[in-house]
There are 4 protein chains.
Amino acid sequence: MTKKEVKVYDAPTKIQDIEVLNTYQLEKLASDIVPKGGFDYISGGSGDEFTLQRNQTAWQTKGVLPRVLADVEHPDPSTSILGHDIRAPFIMAPIAAHGLAHETKEAGTAKGVAEFGTIMSISAYSGAKFEEIEEGLNGGPRWFQIYMSKDDELNKNIIDEAKADGATAIILTADATLSGNREKDIANKFVYPFGMPIVSRYLTGSGANMSLNNIYAQSKQKITREDVKFLKDYSDLPVLVKGIQSADDALLAIGAGADGIWVSNHGGRQLDGAPGSFETLEGISKVVAGRVPIIFDSGVRRGEHIFKALASGADIVALGRPVLYGLALGGWKGVRSVLEYFDEDLKRVMQLAGTQTIEDIKQAQLFDMK
Amino acid sequence: MTKKEVKVYDAPTKIQDIEVLNTYQLEKLASDIVPKGGFDYISGGSGDEFTLQRNQTAWQTKGVLPRVLADVEHPDPSTSILGHDIRAPFIMAPIAAHGLAHETKEAGTAKGVAEFGTIMSISAYSGAKFEEIEEGLNGGPRWFQIYMSKDDELNKNIIDEAKADGATAIILTADATLSGNREKDIANKFVYPFGMPIVSRYLTGSGANMSLNNIYAQSKQKITREDVKFLKDYSDLPVLVKGIQSADDALLAIGAGADGIWVSNHGGRQLDGAPGSFETLEGISKVVAGRVPIIFDSGVRRGEHIFKALASGADIVALGRPVLYGLALGGWKGVRSVLEYFDEDLKRVMQLAGTQTIEDIKQAQLFDMK
Amino acid sequence: MTKKEVKVYDAPTKIQDIEVLNTYQLEKLASDIVPKGGFDYISGGSGDEFTLQRNQTAWQTKGVLPRVLADVEHPDPSTSILGHDIRAPFIMAPIAAHGLAHETKEAGTAKGVAEFGTIMSISAYSGAKFEEIEEGLNGGPRWFQIYMSKDDELNKNIIDEAKADGATAIILTADATLSGNREKDIANKFVYPFGMPIVSRYLTGSGANMSLNNIYAQSKQKITREDVKFLKDYSDLPVLVKGIQSADDALLAIGAGADGIWVSNHGGRQLDGAPGSFETLEGISKVVAGRVPIIFDSGVRRGEHIFKALASGADIVALGRPVLYGLALGGWKGVRSVLEYFDEDLKRVMQLAGTQTIEDIKQAQLFDMK
Amino acid sequence: MTKKEVKVYDAPTKIQDIEVLNTYQLEKLASDIVPKGGFDYISGGSGDEFTLQRNQTAWQTKGVLPRVLADVEHPDPSTSILGHDIRAPFIMAPIAAHGLAHETKEAGTAKGVAEFGTIMSISAYSGAKFEEIEEGLNGGPRWFQIYMSKDDELNKNIIDEAKADGATAIILTADATLSGNREKDIANKFVYPFGMPIVSRYLTGSGANMSLNNIYAQSKQKITREDVKFLKDYSDLPVLVKGIQSADDALLAIGAGADGIWVSNHGGRQLDGAPGSFETLEGISKVVAGRVPIIFDSGVRRGEHIFKALASGADIVALGRPVLYGLALGGWKGVRSVLEYFDEDLKRVMQLAGTQTIEDIKQAQLFDMK
């Protein structure tokens, strides 16, 4: 891909409500309109994509039992997390470079998220500036996800900016201290077609025309308990450690002061050969034992999955790729359509599984299908 | 689909005996002659159709052991249920809108069922009136399946009519308090091409040109133990609670007065991500412990499956889609052909498994193939 | 298929050594030259062919461990069974109607088997007469497999003839008291193109132009412990009960006087939905505990399978379909080629698994691969 | 294949760095340029290739857990084995006839291996002479793998030559006392297109135009504990017994004096129906209990696999086919590219799994995914 080609990256532009039959169909529809390099970046995983696929098949190890004669009608999926009341137990996951999906970039996603009524996660690798995103968010709740610089002064600078923007929590992505083996990106010789204003302060360039490998290498490659403490102390905000897949690491993070455990395998984009994220959840939630909230991501595509994650110990889930497909297909309205779909689908599952509230889901017993 | 197209829904009309090689082949043959919207409605499941498929693969978790040197010749599959002697341990399941499969609607099915010699279940969402169905049933045994109104006076009215028609039991469908996520129907924009005379009294319309979603929403969406008691008290008939998939709900239903437990996941049409119906049977039958009969459905396509269900605790099974394919292909004669096939196939399995009677099947040990 | 078409059943006729790369390839090659009705009859199973396939996949539940530094060179697969010394631990299984595969019928198979140096099983549904088969066997060892008449006088008559022919054991097929659900035969409207001289004495016809269903129905449909005793007493020969798939039936047969337990599910041709035959072997051999020999069949296609069966308790295995494919492709020479292949393949496995003798195989530990 | 055709075996000749997206892609690319007979010989397995495939799927039984907040940056994969310091925990496996992949034969492989910085294993079935290989190795470390002659004097002669060449260990391949059932080679009527100078002293010919079957048959077919002792005593070098797949054989080899246990199923080329090599590793490493080093091969295609093998008890792994594909595609530079790829890929896994050193990997807990 030449610089010239990069310049003409042809992101979708439509803003419209979309019909969501299911999110797998959205992926297919998005693949038709998002340029191949961008689509492969968004949809792809690392290595054999074993873990990417396992994130899906892992759901089949547990069944939701239909329940009847229950005191359920018009179930209520609302909940709260870290002081925010949200319409439904899901938020937007931090994802880099929304501009690959739509010309409105993170501002489009943010508007859809805010209109729906949940929390936006702003990635440090955002292609939009905080003030551009705020145009969409319009005061809605937001968390800031950080890829740290090797220079803590710059980290302070980034945190200052995020706090000024109104972030109420810091998400520390701990599982991406270097780039996963994204074979599709390598084959495509993929480079970002635009810059990353938040982290460009510590990159050799703006981010534009740079590979993921290159950008990760310029970010901090060793993230330790000290970083959790640093972020917590400096920001005075709750710090959520993202990328936990083992009970030991959950304890480590809590010991370092984490205010939330974010169970994730980065959507199968980092360590291939890892289990499905859902497979690790139950063991982690047992040791966390309610001390801090658990946020779950990687593989959530249906209301059924949200139900299974919550019944296995998660407090909320984060949605990633499906929302970006909605962004691609309909801008902020497409984002809202996708979130409404998840809300509707979850409520249907709640009704058929005999659960009136989020608390009821957490008490539900799943059926072992191994 | 426009109203005009609905009017010309072109249901099959042939009345003929059919050769049944197996019921999977019938499904394929039916798909050639039943209009796509109707065929997808009948054959489809919800969501990913995971549970629909799991209803099939679940049979493979247990093997029927060939048994030899047994005192078996010309096995006898006859049995009785709730006072009815029937030729074989299977009855017709309640299914809505047989008119999608054949112009003779439920009357065609009823005639085939009566001619064979077992029990007809009449769905509240029948497209035919009781008196039309009676033309086919001709005095044969029948149970009435109710989708309740939100208005109990109308429910009394419906029960009065069903009793007057001769129903000897009430089937309370408890797992369909709203429509499952039938993606094929949504994609097809499927609406019923004709009315539902039994429940039209509580619908905003006749049922014609209405979607399943709409009709379910107008039916009672909260079915509780009180409803079991109400139906039992008012009808003075045995009440069977249909849609049980957990031991806890079986106990709940019995506690509420249920006279039979109907193990079913609605043929994979309601809660996707649920286990196969057969997977749940053994655990339920253990807690029911013979106190009330167990009727099993969802996934029965061969005599082998009937054998496995009975050996796992069911007293009888209910047959659904395969009978409707027979109806499509040959009207009442096709229905009879399908039931004769199941009878023949079951007797073959009984002989090769060394079981002379239904009681022998119930004592048989299955082989664990997990 | 009209009578005329039956008359011109065009069985292969070539007599030649064949190269056996593997027996799966033979099946494919045979399908090219054996008329479809005959090929489907030979190769097919019952119902969904689940059990037919499971006979193959069941081998994968156990691994043969490579063993090294063992005192093994040029392993010796010879063994003996019921007084016969044989070159290798396999014999010819009883199969009906070899004439479907080759014009030389059972005589061709018998010659190949005798030339190789093992035991021929002669089926009561043979298309050749005893004296025709003897032309091939030429004094070689033989066992006689009986499908009993409903009339014991005729059974005596058949046994007299088999004894006069030199049979040294009677195989009582107990798992085929009626025909399995052979869907391919039904779809093909398959009838035997020629008669069955041994059992024609109790059929309404010669066997020609008759379906398998019809012939089974005219044979004895209730085989009990009394039949084992009758055959033993009248023949004064060892009686092997064939079709055992459960430990209970093995005990039942031994209690009735059986001199050998023949573990088989009839090659997946009788009760579909049954486990793979190999899955049942270990449990049976534990209760038999060496009191009588165990013969195993159903799914043996490689030396590896023979090894696994012997390591799981079988004394010898019986080979069926692969030998008939050899017959089709090369007459008696083809049969011999197939048996030589199995001998060669078994010796290779023996060497690589560190086993010098059949006794060594029986002591080998398989690796659990479930 | 006629002698003339053999003479014109058209091995690839290019020498170039290659881009390695993954090693599966290399296999595909190599299949395009290596003559079919040679490619099938290199890539193929025995029998059904069940074990060949199981070597791959076995990796999926264990997951590598992503680990975070670890004290890891720029992980160090260097290690040492039998006194050699090597850059990474992998060496070149002994493979016959590299000339099938590239005209530079073993000399090309050796140069790539030496340039990378690890150990070359020289096969007794090398197509190049020791002095030709030394041209590539250029003083780098080497181990010599022996296929023994039936004549111990010739074995002494071979060992003398290997020692003179500088071998620091003898690899005794114990699992190939005759050729596996290589069906592709049989179908291709594959013979080596060139001689094997090291073992030609005990063959009836040079090795050229001879089949693998023929060559194995002329090699020693009974390898016992005495051979381990003989090699050890005569060579005064460490002897590694290769082809161990059971704990019992590991103990046997150690008892006979083995200085290392080489866990391998010969890449699925010998005993088909065996478990995947990785499945056997944990049990073996438990009984070896650190007394001697464990070398692992069969199925290593990614850094993930190296990690899993080391976490399951291996000290180093040996790489085979992927290196030969590198040789085919780029001569010694291609070999180096492949080894660099494995190094890079392993370091990425180490970082993401929170392991700074090889010792850390050995302490890592894998996630059970059965």
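Residues numbered from 1 in each chain as written. Chains lettered and ligands numbered in written order. Predicted model: local features only at pLDDT ≥ 70, side-chain atom pairs only at ≥ 80, totals over all residues. Heavy atoms only, no water.

An unreviewed UniProt entry annotates chain A as L-lactate oxidase of Atopostipes suicloacalis DSM 15692. For chain A, the Cofactor (unreviewed entry) comment in UniProt is given as "FMN". (UniProt positions renumbered as here; feature names shortened; annotations may be inferred.)

(A) Structural context of the interface of chain B and chain A. At the interface, 38 residues of chain B touch 29 residues of chain A. Buried area between chain B and chain A, both sides added, is near 2,800 Å², and the carbon and sulfur share of it is 59%. Linking chain B with chain A are 4 salt bridges, by the criterion used here. R302 of chain A is the salt-bridge partner of E183 of chain B, the closest N and O atoms lying 3.0 Å from each other. Across the contact surface, chain B and chain A share 11 residue pairs in polar contact (both at pLDDT 80 or more). Of all elements in the fold, only helix 4 (50-57), helix 8 (183-188), helix 10 (225-235), strand 8 (239-244), helix 11 (247-255) and helix 12 (277-288) of chain B reach the threshold of two or more residues within the side of chain B that touches chain A. For the side of chain B that touches chain A, the element with the most residues is helix 11 of chain B, which contributes 4 residues. (Contact = heavy atoms within 4.5 Å. Buried area = accessible area lost by both parts, 1.4 Å probe. Salt bridge = Lys/Arg side-chain N within 4 Å of Asp/Glu carboxyl O. Polar contact = N/O pair within 3.5 Å; in protein donor to acceptor, adjacent residues only side chain to side chain. Helix = DSSP H or I, 4+ residues; strand = E, 2+ residues; numbered from the N terminus.)

(B) Just unusual backbone geometry, in detail. Residue and element names in this part refer to chain B. The phi dihedral of E49 is positive, around 60 degrees, even though this residue is not glycine. As for its position among the elements, E49 is in the loop between helix 3 (36-43) and helix 4. Notably, L82 is not glycine yet its phi reads approximately 45 degrees, a positive angle. Counting through the fold element by element, L82 comes out in the loop between strand 2 (79-81) and strand 3 (84-86).

(C) Just the pairing of strand 8 (residues 239-244) of chain A, in detail. Residues and elements named next belong to chain A. For strand 8, the tally of buried residues reaches 6 of 6 residues, placing the bulk of the element in the interior. Looking at chain direction, strand 7 (residues 170-173) and strand 8 are connected through 4 bridges and run parallel. Residue pairing across strands places T173 opposite K242, the latter belonging to strand 8. As paired strands, strand 8 and strand 9 (residues 260-263) are joined by 4 bridges and run parallel to one another. Each bridged residue has a counterpart across the sheet, and for I244 the counterpart in strand 9 is V263. With helix 11 (residues 247-255) bridging strand 8 and the parallel strand 9, this β-α-β connection has right-handed handedness. (Buried < 20%, exposed > 50% of the residue type's maximum accessible area, 1.4 Å probe, protein only. Pairing = 2+ DSSP bridges. Right-handed = clockwise from strand over helix to strand, strands pointing away.)

(D) Spotlight on the relation of the copies chain B and chain A. At an RMSD of 0.0 Å, chain B and chain A line up after a rotation of 90 degrees and a shift of 0.0 Å along the axis. In symmetry terms, the pair is related by a four-fold rotation axis. The rotation axis passes nearest to the C-alpha of K370 of chain B in chain B, at a distance of 6.4 Å. (Least-squares fit on C-alpha atoms with pLDDT ≥ 70 in both.)

(E) View of the interface of chain C and chain D. Facing the 29 residues of chain C at the interface are 38 residues of chain D. For the pair chain C and chain D, the summed buried surface comes to about 2,800 Å²; carbon and sulfur atoms form 59% of the total. Considering only the surface of chain C that becomes buried against chain D, V68, L69 and L352 of chain C emerge as the three largest contributors, covering 27% of it. Counting across the chain C and chain D interface gives 4 salt bridges.

(F) Examining helix 13 (residues 303-311) of chain A more closely. Residue and element names in this part refer to chain A. Taking burial as the measure, the 9 residues of helix 13 include 9 buried ones, the bulk of the element. For helix 13, the full list of buried residues reads G303, E304, H305, I306, F307, K308, A309, L310 and A311. Positive phi appears at G313, one or two residues downstream of helix 13, with a value of about 120 degrees.

(G) The sheet that holds strand 11 (residues 316-319) of chain D, seen in detail. Residue and element names in this part refer to chain D. Strand order in this open sheet of 8 strands is 4-11-10-9-8-7-6-5, and the pairing throughout is parallel. Each end of this open sheet is capped by a strand with a single partner; those strands are strand 4 (90-92) and strand 5 (120-123). The sheet shows a mean angle of 30 degrees between the axes of neighbouring strands, direction not considered. Where strand 5 meets strand 6 (residues 142-146), 4 bridges bridge the pair, whose relative direction is parallel. When the bridges of strand 6 are listed, S123 appears paired with Q145. This element, helix 14 (residues 321-352), spans strand 4 and strand 11 of the sheet and lies at about 165 degrees to strand 4. (Axes fitted to C-alpha atoms, helices over the stretch in contact; angles between N-to-C directions.)

(H) Just the environment of W143 of chain D, in detail. Topologically, W143 of chain D is positioned in strand 6. Among the polar contacts made by the side chain of W143 of chain D, one reaches the side chain of T168 of chain D at a distance of 3.2 Å.

(I) Spatial organisation of the environment of A124 of chain A. All names here are of chain A. By secondary structure assignment, the location of A124 is in the loop between strand 5 (120-123) and helix 6 (130-137). Exposure remark for A124: the relative accessible area of 0% places this residue in the buried category. Excluding its chain neighbours within four sequence positions, the residues that come into contact with A124 are F144, Q145, I146, Y147, I198 and V199.

(J) Focus on the UniProt feature "active site" (unreviewed entry) in chain A. Residue and element names in this part refer to chain A. The UniProt entry lists H266 under the feature "active site" (unreviewed entry), expressed in the numbering used here. Along the chain, the position of H266 falls in the loop between strand 9 and helix 12 (277-288). On the accessibility criterion, H266 (10% relative accessible area) is buried. When residues no more than four places from it in sequence are discounted, the contact partners of H266 are Y147, T173, D175, A176, R182, Y216, K242, D297 and S298.

(K) Representation of helix 4 of chain B in the model. Of all the positions in helix 4 of chain B, only F50, T51, L52, R54 and N55 of chain B are classed as buried. Elements in contact with the buried residues of helix 4 of chain B: helix 3, helix 12 and helix 14 (321-352) of chain B.

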